[in-house]
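Descriptive structure summary
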Amino acid sequence: MRTELASEPGDADRPNEDFASVGLPASGQGGSVVVLDGVTPPKGGTGCLHSVPWFTARLGGALTELTVSLPDVPLVDALSRAIARTAEAHASTCELSHPRTPQATVVVARWSPAAVEYLVLSDSALLVESPDGVVTPFLDDRLALLPRSALATDALVDATLRNKEGGFFTAAADPSVARRAVTGTLPRREVRALAALTDGATRWVERFEEGDWTDCFHVVRKEGPQALVDRVRTLERMDSVRSFPGRGKAHDDATAVYVEF
């Protein structure tokens, strides 16, 4: 088995809000990948004493432990338990009902000799390659499908869309949100490799349109996750020079994990 991981903050002066792990049980019979993209809050209060990296470290750590130690527990239940465990860690000090309480997107893949399970919540991505080379993206596209007018301001998003029916969902403090994730199971024999990417890495496809998901996967497989992150950074610097309006963050935290069976 080959595993590779790369993760970089978007700004060297700010902590990386992403989380990534690969868990391999001592039995050697399976494993899991967990990738979280912490949601950077706008200026103003979040109702929480803790930072986004504090949150992603705890949620990601709990989810890694649960997916590896409890292989028979469905991923939705593992995520629900991880959210509950993390919420309990700061419920007594923080206002967890605040719409900007620390939160994250989630990608999980777990494999056994028989199957590969997956879970995707919000706008990170899981790419799966079959033995014949076909690459299939597994995405939660609810945020991407919303009209730009609905995303005009942070206040509008928080009031009408964030973790609300008809909007989009992230892992914050409500364990029930796990049921909103995109999930599925594939026969292990139908999976040769997979890649989990935060949206800072998927910019190569979704923002800069340098190729499709298959092209993106080939970059990761042939050159490694760091090469994809480096390509995104180069494109971001070019974008900054050309000063395209309406592009959002100039640089975003970027994480890519590759697993080849």
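These lines cover the structure that appears in this document, whether it is placed above or below. Predicted, not measured: the structure shown is a model, and the values here were computed from it. Starting afresh in each chain, residues are numbered from 1 along the sequence in its written order. Confidence filtering applies because this is a predicted model: local features only for residues at pLDDT of at least 70, side-chain atom pairs given and counted only at 80 or more, and all residues used for totals across whole chains, interfaces and linings. Derived side-chain values reflect all non-hydrogen atoms in the structure, with water molecules and hydrogen atoms excluded from consideration.

Here's the deal with the nonpolar core
Here, nonpolar core refers to any group of buried Ala, Val, Leu, Ile, Met, Phe, Trp, Tyr and Cys residues whose side-chain atoms link them within 4.5 Å. The rule is simple: take the accessible area with a 1.4 Å probe, protein chains only, and divide by the maximum for that residue type; under 20% is buried, over 50% is exposed, in between is partly exposed. Within the largest apolar cluster, 24 residues are counted, with the highest numbers of intra-cluster contacts made by L63, L79, V106 and L121. Those elements that provide at least two residues to this core are strand 3 (31–38), helix 1 (52–69), helix 2 (75–90), strand 4 (104–111) and strand 5 (115–121). Counting residues per element, this core draws most heavily on helix 1, at six residues. When near neighbours in sequence (up to four residues on either side) are disregarded, L121 contacts L79, T105, V106, D140, R142, F169, T170, A171, V177, R180 and A181. Core analysis: the next-biggest nonpolar cluster, separate from the first, contains 23 residues, V135, A193, W213 and Y258 among them. Helix and strand definitions follow DSSP, with helices as H or I runs of at least four residues and strands as E runs of at least two, each counted in order from the N terminus. Contact definition: two residues touch when any of their heavy atoms are within 4.5 Å.

Concerning the sheet that holds strand 10 (residues 254–260)
Pairing is antiparallel in the open sheet, where five strands are placed in the order 1-10-9-6-7. Of all strands in the sheet, those bounded by a partner on one side alone are strand 1 (2–8) and strand 7 (135–139). Within the sheet, the average angular offset between the axes of one strand and its neighbour, ignoring direction, is 10°. Two strands pair if DSSP finds at least two bridges between them. Two strands pair when backbone bridges link them, and strand 9 (residues 193–197) and strand 10 are joined in this way by five bridges, in the antiparallel orientation. Across the sheet, A196 pairs through a bridge with V257, a residue of strand 10. Axis lines are fitted through C-alpha atoms, for helices just across the contact stretch, and the angle between N-to-C directions can take any value from 0 to 180 degrees.

Remarks on the pairing of strand 4
With eight of its eight residues buried, strand 4 lies for the most part within the structure. Of the two faces of strand 4, the one lined by A104, V106, V108 and R110 and the one lined by T105, V107, A109 and W111 are each fully buried. Two strands pair when backbone bridges link them, and strand 3 and strand 4 are joined in this way by eight bridges, in the antiparallel orientation. By the bridge assignment for strand 4, G38 is matched with A104. When strand 4 meets strand 5, the two strands line up antiparallel, connected through six bridges. Considered in strand 5, the bridge of W111 is made with V116. Counted between consecutive antiparallel strands, the loop separating strand 4 from strand 5 contains three residues.

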